[in-house]
Structures are given as C-alpha cells and as structure tokens.
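Overview (structure and organization)
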Amino acid sequence: MEAEQIFKELMKSDELQTHFGISKEELADASYVGDSNNTTIEIIKDVIKGIANRKSPNVVFQGILKKVSD
Amino acid sequence: MGTFIKSISLQNFYNYYGSYEDNTYTFKEGINIINADNNMGKSKLYNGFLWILDDQVYDSDDKRYYPVSESYNKMMSKKASRENVELDMGVTILYESEGVWYKVCKEVHCKLEDGSWLFFPSTNVLMTTDNEDMPIMDKQKQQDAIRMLIPADMEKYALLQGESMERLVDLSTLNGLENTINALADINNLIRMCGLASELVKQAKQEYNKEETKNRGASNEILKLREERDNLEKWIEDANKKIELARQELIKAKEKEQQYESEFFSSKKRIQLRHEYEEECAKLDSLKREKAEQELSITSRLFDENCPWILMGLGNETGDFDANRIELTKKITAQEISQNPQILLPDDSPDAPSLRRMLEHEHCEVCDREAKKGTAPWLHIKKVLERPHKEMRTSASFMQFYSGLQNATGRYEATIPQIKESFEQYMNHIYDLDDQIEAQERIVEAKENELTLVGIENSTEEEDRKVLSGYNQAKQTISNKNEEIQRWTGKIKIWDSALTKAKEELDKRQGSTPIRKAKELYDNMQVIKTMFDSTRERIFKSIVDNLQTAANEMYSDLTKGNQTFGGTLTFDRLDDGTVRVSVIDYQGEELYGNGTGFQRMKQLAIVMSIISSKVGNKSFDYPFISDAPFSEFSWNFMNNFFEIAPNVFRQSIIMIKDLYDPADDNLINEHGKAIVEQMNNGLLQGSFYVNYAETRADAGNLVTKKYCYTK
C-alpha cells in the first residue's frame, strides 16, 4: 500500500475529530504532499515518512519534538 | 504484475528420459492440461516446477517433501543411468514477467565412479530484454529472478499438490491466512508504521519522565504518585507481554488442535473398535475352546464308568446274552448228562444266579418244567443251590467267563437306556456351540469391516493414542491459555483504573509547563498509535470481507449443480487476531460432515479467491500449478472448475488423471475429448497433453512420452 493511500486511510480516523478537534473540512483538505498547519497531521506524516525513508525511531521522534516545541 | 510460463523442458528427469527437446511442454494462457494415468509422470512434472522454485521435490511414496540434494538418485532417469556412466539431468523453464523473459535451468551432472554416483549441480538464469540475452551470475539476483515466477507469499496458493490440499499450510496455521492477507493488502508498510508509532510512544514517555526528573522540587506525594504510576505502567506492560506470549502459545495450541481434530474422531473410533474387536475375538476363542473341550471329552464319555456310550444300543443285548447263555448251559448240561448219566449234578450245572432265577420263576430250566414253590422240584433246586460246593477254580471255563461278563454288564442295564438321551444332549450342545461360533464369527467379521472403514491399516494403537493425547493436550493448553489471558486482562483492568487515578492526581500536582507539554505529547502519541492500529485493522477487515465474498462466489460456482448444499464460507477474525475459515449452513450454524470433495472445493475456493484478489488496481496474475487437484471431485465439480478457472487464472497448468481412458485409442475419455474440441474451436483457451508409455514397464523403468491434442 502506498504511503499516500495509508495517509488517506488514517485521515478517516474518528480520533482526529474527537480527540484532536480537527474539523472535517481541514481533514478533507489534508494532503500527504505539502505542509499542513496542523501539528497532529504533520506528526502522522512524520511516522509514515519515517518508514518510507527508513529513518530510526529516535530521528523521527526528534523531528516530532521539534515540531511540537515550535 | 504477473507471470506467464511458456514452456517446461526436462532431461533425464525421473520418467522423462532423453534430452530437453524430447520432453518439452509448451503452454498457453488459459487451462493447460497434462492428462495421464498413474505413474505416467504427472507428479514428476510437478516436481520439475518445485525444483526450480524451491530446490525440493515431493516424494509420493513417503508423501513428503525432500531437498533435491537428497534426491538426485531418485530423480535421475533409470534408463539413462543404466545406459551411461555420465549424464546430465535437469529442468528448464521459460517464462515472461512484466515484459522480461527469463530462462531458468537447474541441472545436475551425474557421474558414476567406483560404483557410486557423484552429482554436480548447477543453476543458470538468462534474462532477455529487447531481444538481448543477459546471463544473471549473482546468486541473489538469480533467486530474485526465480521468485518472479511465483513470489514466496503466493507460492502456497499457486502451487498445489492435490494430496496435501487439506493440509495447506496457511489454512491449518491460523497465523498463515493473516500473513497472506497482510501480503495481499500490501500493508506490511502499515504494520511497520504501527511498530514505529509504538516506539515513538515509548520515546515520548521517556521524554515525559525526563521532564519529571528535571523537576527537583517535587514533593514526596508527587514522587510517590510517580512511583505508583510507573509501577502500574510496568505491571501493565509486563502483563501485556504475558498476554501476547499466551496468545502465541494459544495459536500454536489451536493449530495443534486443528491438526489433530480431523484425526481425533477417527483415532478415538479406532481405539474403541479395536477394544470391541478384541473383546469379540476373546468371546469367539472362548466358544471355540469350549467346543474343543466338548469334543475331546467324547473319549471319556465313550468309556464312562457309569454310563459308557460305547454300549449305546446294546440295551437288549444283556437280556439276549442271558437267554443265549442259558440255552448254551442247557445244551452243555444235557450233553454232559448224556455222556455221563451217573452224575446228577455235573460240575458245570446251572450256576447260582440261574438256580436263583429258577426258584424265582418257579421253573426248572434244566428239565424245562414247572417247579412251583414248595414243590419237590422247587425244593430240589433249592437244595442244589444251598449245597456245599467246592471252591470254584479260577479256570478259564466258558460259563464262568460269561457269568462274570454278565455280572459286570448287569449294572449297565439301568444306564444303557440313558445313553441315547445323554448323547443327544451332548450333540445339541455341540450344535448350539456351532451356531454361537458362527454368529460370533459374523460379529468379528463385522468388526473387522468397521475397522477397515476407519482406516485401521493406516494407524497403530500407539499412533491413535498419540493423536488423542495430542488433541486433549492442545485443548487443555487452549483452556489454560484462555484462562491466563483472562486473568491478566482482569488484572490490567484493575491496574488501568488505578493508573488513571494516579495520573489524574499527578496531573493536578504537576503543573509546570515542560512536564505538561511532555505529557500532552505522550498522550497524543498514544492516540496516534491507536489510530495506526485501528486503520490497519480496518483495512485488514476490508480485505477479509472481500475475500469472503470472492471465496463464496468461487465456492458457489464450483459446487453448482451438486445435489447437496455445501454451505457458505465465513472468514472470522478471532480474538487472538488470526483468521479462521469455516463453513456454515442456512441457519448460521457450523456445517460438519461435508464430504472430501466439498472440503477440497472449500480449499480451492479460498485459494482461487486469494489468487484472484485485487487490491486497489493491483491484480495477481501468477500461474496456478496443480498436481491432481481433482481426486475426490465428480465431473460436475471438474466441469465447474474448467468454466470459472479462465476468469480467475491467467494461466493454469494442471496434471490430472480424471480425463484418462486407457481403453480409448487417444487415451482420453468423453469429457476430455469435449475439452479438446472446445480448445481446438477456440471456445476454451489452453493446451491438452496426454502422457503415455510406449512400452510397459515398472514405475522405476518407465519412459514417459507425450502427445499434444491441441493445435
């Protein structure tokens, strides 16, 4: 399954709305390519890309830490 | 992606004596049939494919797979090995995958030296693109090219040996179908992402702990709460690991249960029948022994002290004997009197019993006249009886001998009449025993037939007990592991609750921003991890649902026209995450007792649905290669398969004997001829070969020839 396809499937998760409070419209506009204003969506992309680009968990986490502290 | 096999060629490989050119099968898209009688090379051709793909061959004697390196002797053509001290044995397959042609040749140079064969294997792979041939030298790349023929994940479905269909690895190991579905959906990347998300949660937790530790001003209460939280989390983590371990063992136990289940009831029946058979045999032996004893006892009965059967029918003889004896006595007495008239009472006058009889009967037997009691003749007889007489000489006098004999036989007068009845009773008993023995022999024979029906020749008592023990042990393990999982789950629930409370208390007390931010990240990463897991589960379930739909369509098409309803296939996701395929009836109850044909149909339907499954825009177009998939199938099933197979498989290569007719000039039966006609008329795509032997020989010396009936 392609990374983008996985991303689209993840965007269907209820938790994005119920826990993270992301609107349906924002989810509909979310794209795997390009940047999103939403940190959670970006973290999800980091996880996906981490596997696609064979990054270590530590490297991925550091990237996430940077995003959340910004 | 997909593969098309153009041809397979064999050289001095089992029955396939001669060069590659002598033994080449050329295939088309559609259904390619190699129709042959037993021992005519079907399984050997299948072994050709196995050798190329897996360096293995299937031994139909042992019914198991062997590495080729252990089988070269058996694989070598017997005829070629008798004619040569050096020869080459091999298999070559030509196939196309994604526009690239590959020619794979696995060969062994065989050399006879000092009475033993030496083997020198080699593998050659040639790739052709844009009409340019390129040998592939690197071993790994050779392996990759061979895997283009059929990928490892698909091999268990694309390569089927009919006898092993019921033991398809994937369907008997609960994990197996799960692995295949993962491969089909190509969600291995997603599975890795779930793993990464899990790791990131751990890292977020470490970060959170680090921030907490930085806060040196934490009160004892906070420290205590942290410790409590950390302990609970550790316990929960350990418990989850234990649950995971228990789940793995549960899966293994379920596989064992499945493995033994099919044999369990047969083994149990066999043990019970063996016991019953032994009991019935013991009864039969007892009856036979009783009869033998009765028959042996006849000797003692013939010469029994009180009732000797040898005297049967001689009841009147003692009386006759007595009358004869008296008559003789009279004659002798009269003779002696006439010879010696002086003697009134010769020595051999009537004896005492006779005198007593005369007195009793009041009749003188000497003079043959009446001698009433008290009369002079009677008193004379009495006087003679009571006279003092000389001691009898123990001479062998005639009268004494027969007197003695009469004395001796006198006592049997009462018992001789009973002999007939005694004999009749004896014979009735013998006849009765004969009837009982005959009836018992029938019972024993019936038990033997029952034993044969449950396959007594295939299994010893020890093997059957092992199955029962294995099955029971598996069931016990399943019960234990379920209990263990339940126990730990219960504990986790309690600890979870305590953990939530501890965290809440901690949150109230730990107000610093870095700690809060770190905790928020930790919480969010847990939710993200859950999202990845549930997405994987959702996609997996979607694949399973699609497979179920496709498999039922195949199953329905394969079984149409059959008078029995074969049920509906369900793919159930179990608690342990594995997938179980079962057959249910109209009411949703699990259906048991389907015949072997239906069981194979179920397997074939699942295989076909997996092979033909589409995910997104991808489809799997690998050849379906099967040796004897149709034993236990009726023509109806086979016909249904030939109808739907072209829609499922781009190419199938099937080795069968079900269309063979040795009495026919073309060695094909009516159904086979109909298929050939359809192929030659373009109504059915494919090819039709028949294997035969020019000269009759045993299995080890047979040389297979072939003929292609399609244009």
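So, here's what we can say about the structure. (Residues numbered from 1 in each chain as written. Chains lettered and ligands numbered in written order. Predicted model: local features only at pLDDT ≥ 70, side-chain atom pairs only at ≥ 80, totals over all residues. Heavy atoms only, no water.)

Some details on the nonpolar core
How we decide: Definition used in this section: a nonpolar core is a set of buried Ala, Val, Leu, Ile, Met, Phe, Trp, Tyr and Cys residues joined via side-chain atoms within 4.5 Å. Whether a residue is buried, partly exposed or exposed follows from its accessible area with a 1.4 Å probe, protein chains only, as a fraction of its type maximum: under 20%, in between, or over 50%, in that order. By definition, residues are in contact when any of their heavy atoms lie within 4.5 Å.
Of all hydrophobic cores here, the largest spans 140 residues; its most connected members are Ile-44 and Ile-48 of chain A together with Phe-49, Phe-532, Phe-571, Phe-641 and Phe-642 of chain B. Excluding residues within four positions of it along the chain, Phe-642 of chain B makes contact with Ile-31, Ile-33, Phe-630, Trp-635, Ile-656, Leu-659, Ile-675 and Leu-684 of chain B. Ranked by size, the runner-up nonpolar core spans 13 residues in total, among them Ala-239, Ile-243, Leu-250 and Trp-488 of chain B.

Overview of the interface of chain B and chain A
Rules: Here's the idea: put two parts together, see how much 1.4 Å probe accessible area each one loses, and the total over both is what we call buried area. Whenever Lys or Arg places a side-chain nitrogen within 4 Å of a carboxyl oxygen from Asp or Glu, that contact is recorded as a salt bridge.
In this complex, chain B contributes 27 residues to the contact, which on the side of chain A involves 25 residues. When chain B packs against chain A, close to 2400 Å² is buried across both sides, 76% of that on carbon and sulfur atoms. The three residues of chain B that bury the most area against chain A are Met-193, Leu-196 and Met-531 of chain B, which together make up 23% of that side's buried surface. The closest approach of N and O atoms between Arg-538 of chain B and Glu-9 of chain A, which form a salt bridge, is 3.1 Å.

As for the environment of Thr-123 of chain B
Residues and elements named next belong to chain B. Rules: Secondary structure elements follow DSSP: runs of H or I of four or more residues count as helices, runs of E of two or more count as strands, with numbering from the N terminus.
Within the fold, Thr-123 resides in strand β8 (residues 116-129). Judged by its relative accessible area of 28%, Thr-123 falls in the partly exposed class. Each C-alpha atom, one on Thr-123 and one on Met-137, is 9.3 Å from the other, the two residues being 14 residues apart in sequence. Those residues in contact with Thr-123 that sit more than four places away from it in its chain are Cys-105, Lys-106 and Gln-142.

Focus on the packing of helix α8 (residues 188-214) of chain B against helix α17 (residues 513-559) of chain B
Residue and element names in this part refer to chain B. So the rule is basically this: Every axis corresponds to a line fitted to the C-alpha atoms, with the helix fit spanning only the stretch in contact, and the corresponding angles, defined between N-to-C directions, vary from 0 to 180 degrees. Should an angle lie under 35 degrees it is considered roughly parallel, over 145 roughly antiparallel, and from 65 to 115 roughly perpendicular; all remaining angles are considered oblique. Each helix crossing is assigned a hand: it is left-handed if the near helix lies turned anticlockwise from the far helix by less than a right angle, otherwise right-handed if that turn is clockwise.
Between α8 and α17, whose axes approach to 8 Å, the crossing angle comes to 165 degrees. It follows that α8 is roughly antiparallel to α17 by the angle criterion. Considering how the two elements wind past one another, α8 and α17 form a crossing that is left-handed.

Focus on the side chain of Ser-687 of chain B
All names here are of chain B. Test applied: Whenever a nitrogen or oxygen atom comes within 3.5 Å of another N or O atom, the pair is scored as a polar contact, on the condition that within protein one atom can donate a hydrogen and the other can accept it, and that pairs from neighbouring residues in sequence are kept only if both atoms are in side chains.
Residue placement: Ser-687 occurs in strand β19 (residues 686-693). In this structure the side chain of Ser-687 is engaged in a polar contact, spanning 2.6 Å, whose partner is the side chain of Asn-32. Aside from chain neighbours lying at most four places away, what touches Ser-687 is Thr-26, Phe-27, Ile-31, Asn-32, Ile-33, Met-679 and Thr-710.

A word on unusual backbone geometry
Residue and element names in this part refer to chain B. A positive phi angle, close to 50 degrees, is found at Asp-130, a residue other than glycine. For Asp-130, the location among the structural elements is in the loop between β8 and β9 (132-136). What makes Asp-130 exposed here is its relative accessible area of 76%. Positive phi, close to 55 degrees, is recorded for Asp-368, a residue that is not glycine.

Comments concerning the packing of helix α12 (residues 352-361) of chain B against helix α13 (residues 376-386) of chain B
Residue and element names in this part refer to chain B. Across the interface, α12 lies against α13 with an axial gap of 10 Å and an inter-helix angle of 155 degrees. Relative to α13, the element α12 is oriented roughly antiparallel. As α12 runs across α13, the sense of the crossing is left-handed. Here Ala-352, Leu-355, Arg-356, Met-358 and Leu-359 of α12 lie close against α13, whose contacting residues are Trp-378, Ile-381, Lys-382, Val-384 and Leu-385.

Re the pattern of salt bridges
Residues and elements named next belong to chain A. Within this structure, the stated rule accounts for 47 salt bridges over all chains. Two residues, Glu-42 and Lys-45, come together in a salt bridge whose shortest N-O distance is 3.1 Å. Taken together, the residues span about one helical turn, with Glu-42 and Lys-45 both in helix α4 (residues 39-52) at a distance of 3 residues. Here Glu-42 and Lys-45 have matching classes, each one buried.

Quick look at a negative patch on the surface
Residues and elements named next belong to chain B. Here is the rule we go by: Like-charged residues are merged into a patch within 9 Å and nonpolar side chains (Val, Leu, Ile, Met, Phe, Trp, Tyr) within 5 Å, provided each residue has over 30% relative accessible area and no salt bridge. The Shrake-Rupley method, run with a 1.4 Å probe, gives the accessible areas here. Residue values count only the displayed protein chains as cover. Positive residues here are Lys and Arg, negative ones are Asp and Glu, while His and the chain termini are left out of the count. In plain terms, the charge of a residue is placed at NZ if it is Lys, CZ if Arg, CG if Asp and CD if Glu.
A surface patch of like charges, here negative, comprises Glu-290, Glu-293, Asp-432 and Asp-435. Contributing elements (two or more residues each) for the negative patch: α9 (220-296) and α15 (416-453). With respect to the secondary-structure elements, Glu-290 resides in helix α9. A relative accessible area of 30% means that Glu-290 is categorised as partly exposed.

Some thoughts on the packing of aromatic side chains
We describe a pair of aromatic rings using the distance from one ring centre to the other and the angle between the two ring planes. The condition that has to hold: A pair of aromatic rings is counted whenever rings of Phe, Tyr or Trp (Trp by its six-membered ring) have centres within 6.5 Å, and the orientation is called stacked for planes under 30 degrees apart, edge-to-face for over 60 and tilted otherwise. As a reminder, the over-ring test applies to NZ of lysine and CZ of arginine, requiring each to be within 6 Å of the ring centre and within 35 degrees of the ring normal.
With the rule as written, the count across this model stands at 21 aromatic pairs over all chains. For the ring pair Tyr-16 of chain B and Tyr-25 of chain B, a centre distance of 6.2 Å and an interplane angle of 80 degrees mean the geometry is edge-to-face. Tyr-25 of chain B carries the same exposure label as Tyr-16 of chain B, and that label is buried. When the ring of Phe-624 of chain B is compared with that of Phe-641 of chain B, the centres are 6.4 Å apart and the planes differ by 45 degrees; the resulting orientation is tilted. Taken together, the residues Phe-624 of chain B in strand β17 (residues 624-627) and Phe-641 of chain B in helix α19 (residues 635-648) connect sequence positions 17 residues apart. Here the two residues Phe-624 of chain B and Phe-641 of chain B agree in accessibility, since each one is buried. The structure contains a cluster of three or more aromatic residues connected by ring pairs, namely Phe-624, Trp-635, Phe-641, Phe-642 and Phe-649 of chain B. Between Lys-49 of chain A and the ring centre of Tyr-32 of chain A, over which it is positioned, the NZ or CZ distance is 5.5 Å. Residue placement shows Lys-491 of chain B over the ring face of Trp-488 of chain B; its charged tip is 4.7 Å from the ring centre.

Digging into the sheet that holds strand β18 (residues 651-656) of chain B
Remark on secondary structure: sheet strands pair via backbone hydrogen bonds, oriented parallel or antiparallel. All names here are of chain B. Worth spelling out the cut-off: Pairing between strands requires that DSSP locate at least two bridges from one strand to the other.
Across the sheet, which stays open at both edges, the 6 strands sit in the order β10-β17-β18-β3-β19-β20 with mixed pairing between neighbours. On the outer flanks of this sheet lie β10 (159-161) and β20 (704-708), each paired with one strand and no other. Averaged over all pairs of adjacent strands, the angle between strand axes in this sheet comes to 15 degrees, irrespective of strand direction. Alignment of β19 against β20, held across 5 bridges, turns out to be antiparallel. The residue of β20 that forms the bridge with Tyr-692 is Lys-705. The strands that helix α1 (residues 42-54) touches are β3 (30-35), β10, β17 and β18; relative to β10, the one it contacts most, it runs at about 140 degrees. α19 rests against β3, β17 and β18 of the sheet, and its axis sits at about 135 degrees to β3.

What is shown is where atoms sit, not what they do.
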